[in-house]
Amino acid sequence: MARHLITSAIPYINGIKHLGNLVGSQLPADLYARYLRGRGHEVMFLCATDEHGTPAELAAAKAGKPVAEYCEEMHGVQAEIAEGFRLSFDHFGRSSSPQNHRLTQHFAKQLYEQGLIREVSETQMYSPTDGRYLPDRYIEGTCPNCGFDSARGDQCDNCTKQLDPVDLIDPRSVISGATDLEMRETKHLYLRQSTMKDELEKWIDSKADWPILTTSIAKKWLNDGDGLQDRGITRDLDWGIPVKRGDEDWPGMEGKVFYVWFDAPIEYIACAQEWVDAGKGEDWERWWRTDKGADDVTYTQFMGKDNVPFHTLSFPATILGSGEPWKLVDYIKSFNYLNYDGGQFSTSRGRGVFMDQALEILPADYWRWWLLSHAPESGDAEFTWENFQTSVNKDLADVLGNFASRVTKFCRSKFGEEVPQGGAQTPLETRLIADLTTKIREYETHMEAMEIRKAAAALRAAWVLGNEYLQEAAPWATFKEDPEQAAMQIRLALNLIRLYAVISAPFIPDACATLRTAMRTEDAGWPDDVAAALEVLAPGHAFSVPENIFRKITDEEREDWQSRFAGTR
RNA sequence: GGGCCUGUAGCUCAAUUGGUUAGAGCAGGGCGCUCAUAACGCCUUGGUUGGGGGUUCGAGUCCCUCCGGGCCUACCA
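Residues numbered from 1 in each chain as written. Chains lettered and ligands numbered in written order. Predicted model: local features only at pLDDT ≥ 70, side-chain atom pairs only at ≥ 80, totals over all residues. Heavy atoms only, no water.

Digging into the overall build of chain A
Heads up, the condition is: Only DSSP runs of H or I covering at least 4 residues are called helices, and only runs of E covering at least 2 are called strands; the numbering of each starts at the N terminus. Within these notes, the globule rule equals 2.2 Å times the number of residues to the 0.38 power, and the radius of gyration is based on C-alpha atoms. Between buried and exposed lies partly exposed: a residue is buried under 20% and exposed over 50% of the maximum accessible area for its type, with that area taken using a 1.4 Å probe on protein chains only. Every residue pair with non-hydrogen atoms within 4.5 Å of one another is taken to be in contact. Reported accessibility uses the Shrake-Rupley method at a 1.4 Å probe radius. Residues are deemed covered only where the shown protein chains occlude them.
When its secondary structure is counted, chain A shows 19 helices and 18 strands. Whereas a compact globule of 569 residues would reach a radius of gyration of roughly 25 Å, chain A reaches 27 Å, a difference of no more than 12%. In terms of overall dimensions, chain A has C-alpha extents of about 90 × 55 × 40 Å along its principal axes. Evaluated residue by residue, chain A yields a buried proportion of 56% over its 569 residues. Considering only intrachain contacts with a sequence separation of at least 6, the fraction spanning at least 24 residues in chain A is 77%. Counting every atom, chain A has about 23,400 Å² of accessible surface; 46% of that belongs to carbon and sulfur.

Remarks on the nonpolar core
How we decide: What makes a nonpolar core is a set of buried Ala, Val, Leu, Ile, Met, Phe, Trp, Tyr and Cys residues whose side-chain atoms join them at distances within 4.5 Å.
In terms of nonpolar packing, the biggest core is built from 160 residues, with Trp288, Trp367 and Phe507 touching the most fellow members. Within the second largest apolar cluster, 10 residues are counted, among which are Ile13, Ala59, Tyr70 and Cys71.

Some words on the sheet that holds strand E10 (residues 231-232)
To keep things clear, this is the line we draw: By this definition, two strands are paired if DSSP reports at least two bridges between them.
Read across the open sheet, the 4 strands follow the order E5-E4-E9-E10; overall the sheet is antiparallel. Each end of this open sheet is capped by a strand with a single partner; those strands are strand E5 (132-133) and E10.

So, the protein's contact with RNA strand B
Our working definition: Residues are classed as near a molecule or strand on a simple rule: at least one heavy atom within 4 Å of it. The definition of a polar contact used here is a pair of N or O atoms within 3.5 Å, where within protein one atom must be able to donate a hydrogen and the other to accept one, and adjacent residues in sequence count solely through side-chain atom pairs. Note that Gly is not counted as nonpolar here; it falls among the polar residues with everything else outside the nonpolar set of Ala, Val, Leu, Ile, Met, Phe, Trp, Tyr, Cys and Pro and the charged set of Asp, Glu, Lys and Arg.
Taken together, 53 residues surround RNA strand B, and among them Arg137, Gln344, Asp380, Asn402 and Arg453 come closest. Looking at RNA strand B alone, sugar and phosphate atoms form 70% of those within 4 Å of the protein. In the model, a base nitrogen of RNA strand B is placed 2.6 Å from a nitrogen or oxygen of the Phe550 main chain. Within the residue set of the surface near RNA strand B, elements represented by two or more residues are helix H2 (54-63), strand E4 (117-127), helix H6 (212-223), helix H7 (260-277), helix H12 (385-414) and helix H14 (452-473). Ranked by residue count, the leading element in the surface near RNA strand B is H12, at 11 residues. Residues that form the surface near RNA strand B fall into these classes: 15 nonpolar, 17 polar and 21 charged.

Some thoughts on the UniProt feature "binding site: Zn(2+)" (unreviewed entry) in chain A
Going by this rule: UniProt positions are given in the numbering used here, feature names are shortened, and annotations may be inferred rather than shown by experiment.
Here the UniProt-annotated "binding site: Zn(2+)" (unreviewed entry) positions come out as Cys143, Cys146, Cys156 and Cys159. In this fold, Cys143 is placed in the loop between strand E6 (139-142) and strand E7 (151-152). Here Cys143 falls in the buried class, since its relative accessible area comes to 2%.

Some details on the sheet that holds strand E15 (residues 297-304)
Counted only if it meets this: The axes are straight lines fitted to the C-alpha atoms, using for helices just the contacting stretch, and the angles between their N-to-C directions are given from 0 to 180°.
Ordered by their spatial adjacency, 5 strands build an open sheet running E3-E2-E1-E15-E16, and the pairing between neighbours is parallel. Across the chains shown, the open sheet's two edge strands, defined by having one partner strand only, are strand E3 (91-94) and strand E16 (331-335). Across the sheet, the mean angle separating the axes of adjacent strands is 20° when strand polarity is ignored. The pairing of E15 with E16 spans 5 bridges and is parallel.

Let's talk about the pairing of strand E9 (residues 182-191)
When E4 meets E9, the two strands line up antiparallel, connected through 10 bridges. In the strand pairing of E9, Ile117 is matched with Leu191. With 2 bridges connecting them, E9 and E10 associate as antiparallel partners. Bridge pairing links Leu191 to Arg231 in E10.

Some points on the packing of aromatic side chains
Let me state the cut-off plainly: Each aromatic pair joins two rings of Phe, Tyr and Trp (for Trp, the six-membered one) with centres within 6.5 Å, and gets the label stacked for planes under 30 degrees apart, edge-to-face for over 60, and tilted for any other angle.
For the coordinates displayed, the defined rule picks out 33 aromatic pairs. Consider the rings of Trp288 and Tyr299, whose centres lie 5.1 Å apart with planes at 75°: the pair is edge-to-face. In this pair, Trp288 sits in helix H8 (residues 285-288) while Tyr299 sits in strand E15, placing the two residues 11 residues apart along the sequence. Among the residues examined, Tyr299 registers a relative accessible area of 0% and is labelled buried. Aromatic side chains Tyr366 and Phe550 sit 5.4 Å apart centroid to centroid with 80° between the ring planes, which places their arrangement in the edge-to-face category. Of this pair, Tyr366 sits in helix H11 (residues 364-373) while Phe550 sits in the loop between helix H18 (530-533) and helix H19 (555-564); the two residues are 184 residues apart in sequence, bridging distant segments of the chain. Taken as a pair, Tyr366 and Phe550 share a single burial class, namely buried. Linked through ring pairs, Tyr340, Trp367, Trp370, Phe383, Trp385, Phe388, Trp561 and Phe565 together constitute an aromatic cluster.

Re helix H3 (residues 67-84)
Note the following rule: Residue count minus one, scaled by 1.5 Å, sets the expected span of a helix.
Taking 1.5 Å of rise per residue, 18 residues should cover 26 Å, and H3 covers 25 Å from first to last C-alpha, within 8% of that figure. For H3, the set of buried residues is Val67, Tyr70, Cys71, Met74, His75, Gln78, Ile81, Ala82 and Gly84. Trailing H3 by a residue or two, Arg86 shows a phi angle of about 65°, which is positive.

Here we look at unusual backbone geometry
We note that Arg86 has phi near 65°; this positive angle belongs to a residue other than glycine. With a phi close to 45°, Ala474 is a non-glycine residue in the positive phi region.

Concerning helix H5 (residues 197-205)
Here is the rule we go by: Directions are taken from the helix axis to each C-beta atom, and the arc is the one they span.
Residues of H5 that are buried: Leu200, Glu201, Trp203 and Ile204. Seen along its axis, H5 keeps its buried residues to an arc of 160°; they face one direction. H5 presents Asp198 and Lys202 as exposed residues on the side facing more than 90 degrees away from its buried surface. Lining the buried residues of H5 we find H6 and helix H9 (308-321).

Things to note about the pattern of salt bridges
Note the following rule: When a carboxyl oxygen of Asp or Glu lies within 4 Å of a side-chain nitrogen of Lys or Arg, that pair is called a salt bridge.
Applying the stated rule across the entire model yields 37 salt bridges. Residue Arg289 pairs with Asp291 through a salt bridge whose shortest N-O separation is 3.1 Å. The shortest N-O distance in the salt bridge between Lys333 and Glu377 comes to 3.0 Å. Of this pair, Lys333 sits in strand E16 while Glu377 sits in the loop between H11 and strand E18 (381-383), and the two are 44 residues apart along the sequence. Here Glu377 falls in the buried class, since its relative accessible area comes to 15%. One salt-bridge network, held together by shared partners, links Arg39, Arg441, Glu444, Glu448 and Asp528.

Rendered as structure tokens:
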């Protein structure tokens, strides 16, 4: 039994996420957490909403609500959807929590005392009409290079030239359209991560087993151009964590807040404090402080590739730079993007399926199975309705669902609704047990390596073994000559249903719960010994025939959904 | 512009890191079974590994080049 700390990249508060976001972090993290719990390990699985920053302020304004109220509401919405997808967080926190305020300010103080913070004076576009400083991307104007009239302050979408907001001709605020923009001098804090480049690089180099996607992005940032750059960690905003050194004011930083990318990862830690304060557990430090019990914790992070630089460099710089014994990540599992039917998911154009819509259409297990078995691990992956339909119908309804159905219904008609007794195993059963053992060990190997698609394939192969066995054993034929032999065969098959319910639960928890209920067993012990696991349901044990646990997606539904989610909702 | 990833069967993906005849699932074809959600099982068709060149006894894998797809480029988060 080991101790595993697992975090998923925290979703931004602004709106409901699409399936690509889900499969890039929360869902695989949940799979891994459920698997490790199933193996009997002690798991702490944390996630939260990322609530600060300009987009949250603007979204709140658009909704006509104070930003704090907007965030509280949206946190509730996201928490409910997460529950709908059966994401088994030990706690789903908020980066705006008091715990995170204190901890973020604490880290800032530590970094300051370690000499890792410097003040930088810079000029920034200010919009009197909007009453706020504008990030580069919230300024538009005419491109000095190509004349495109909607070039953004950071880059021209037409000619791709990198721009500075001051380069733009006739700049205007994206928010209000105001043109009375002015440059104002403002002071900000920078994290001197450049001084930690060697330490960070050495640490990254020691992680030879990380996905290439993770290390290649990290090395790019370490070595590109002039190497790792210092990073601004404060912003001129109202909504955020006030810049302080611990609980002391920070002279010159009045009215400023920490940049969301500084406080968001710290929320991983603060979230564990929230977990304690919510009465869900007692000691959060044994998960996060290596001097207080966390030295035997294995910490794994899950995220989409866009999040990698912050998790490989900025956050480790914060942790290491603090000079305190915080737990550093051991493994970073990163994902590529999921595309939608030949293009990208698009929030603004309503293209693709969003988490709330997905659950309105079908139960969580259908989505979980498809998304996880097609997780974008080696490259970007693509969702198509045809593929979704065939995968779900074939794998879940035909291979697994129908297996449970044929076994329970056959038993009911020949022996009644209890596990029949009699008969002795033959070499056929010995072989099945050997094949299952091989396949389950393979499944475990892939799960432990977080090779998600391979794990799904191995699991499916284990389901197929059940159907193969039935075909060969043919209890319906055996029953005519030797009912006891048929009883042994079907007893084994009934036990196989329970075994599948145990090993499949990380992927499809609801269906597995239904199966365990039908088999009337609470026993979710992992089949370390397959032969023994297939004798858990003893002769005489009552069960019931489950309703079909997976229904099929019809061609009509598929076509309907295809047009419904094509865009511009 | 720079960098990274990617291109393998009609489709979605593998290939033990340079080692026999490139493998699975789905789709297609044939056969079998009848317990089951017209489900299951067995057999089978199908590939000049994007094109070209090179290194090597040997290349899907390494190098060069061209073509296609995607991502990142530090103030969206």
